[in-house]
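Notes for the structure review
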Amino acid sequence: YATLASEIILVVLGLRVFLGIIARGRLVGTGIDGTVILLLVLALGSAAAHDVPAFRVALGMRALFKFLLMFYVLVNLRLGERFYRRAIGLLIALVCLQIPITVWQFAALGLRDDRVSGSLRSTGILTILLIFVICLLVALFVRHRPRPIYLLATFGLFFMPVIGEAKGFFFLLQPTLLFLF
């Protein structure tokens, strides 16, 4: 039910944004628009080339593009800076909370491999969140204020993929940081 509820909320907010775009006559663009369009074209082209039925394409793309749609909804809702600061702080707190949980899973429960995923139940989700927060902390350090706490938190976040053996983290982090900077 939680997945369905989040998708219903996303559709309602998406309709609000869509009506706002019609009223204002413009969509707020971001730096990733070209990459998103390229990814969408490649996905649709691959599905057409492999003769995949449309409903399977829709189900597969729902999982992939749900978060991109959520990003564009949040960007175009024009919420205040205070909201974004609190949301980012909450995200960083959520990810930092995973550190003691993964240590407990590793040390006390003796879990190894993909079973060490914090409270998120998936090393894939943990990997994406870690990469996002690490990029955010590095960007805060480089472009905003160079505080040592940003680097200390970044190094602390490397512990989870090591004990969880999330190999995708180490493959995805470098291109993401290169793309960011």
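Here the structure is a predicted model, which means the values were calculated and not measured. (Residues numbered from 1 in each chain as written. Predicted model: local features only at pLDDT ≥ 70, side-chain atom pairs only at ≥ 80, totals over all residues. Heavy atoms only, no water.)

**Details of the packing of helix 2 (residues 33–49) against helix 3 (residues 54–76)**
Packing of helix 2 against helix 3 brings their axes to within 12 Å, and their N-to-C directions diverge by 175 degrees. Classified by the angle their axes make, helix 2 and helix 3 are roughly antiparallel. The segment helix 2 lies against helix 3, with Asp33, Val36, Leu39, Leu40, Ala43, Leu44 and Ala47 engaging Val57, Met61, Leu64, Phe65, Leu68 and Tyr72. Residues of the contact of helix 2 with helix 3, tallied by class, amount to 12 nonpolar, no polar and 1 charged. (Axes fitted to C-alpha atoms, helices over the stretch in contact; angles between N-to-C directions. Helix = DSSP H or I, 4+ residues; strand = E, 2+ residues; numbered from the N terminus. Parallel < 35°, antiparallel > 145°, perpendicular 65-115°, else oblique. Contact = heavy atoms within 4.5 Å. Nonpolar A, V, L, I, M, F, W, Y, C, P; charged D, E, K, R; others polar.)

**Examining the environment of Asn76**
Position of Asn76 among the secondary structure elements: in helix 3. Asn76 sits in the buried class, given a relative accessible area of 4%. Between the C-alpha atom of Asn76 and that of Phe106, which follows or precedes it by 30 residues, the distance is 41 Å. With near-sequence residues (within four places) excluded, Asn76 lies in contact with Val17, Arg24, Leu27 and Val28. (Buried < 20%, exposed > 50% of the residue type's maximum accessible area, 1.4 Å probe, protein only.)

**So, helix 5 (residues 123–144)**
In this model, helix 5 (22 residues) spans 30 Å end to end at C-alpha, consistent with the 32 Å of a helix rising 1.5 Å per residue. Burial in helix 5 covers these residues: Thr123, Leu126, Thr127, Leu129, Leu130, Ile131, Val133, Ile134, Cys135, Leu136, Leu137 and Val138. (Expected span 1.5 Å × (residues − 1).)

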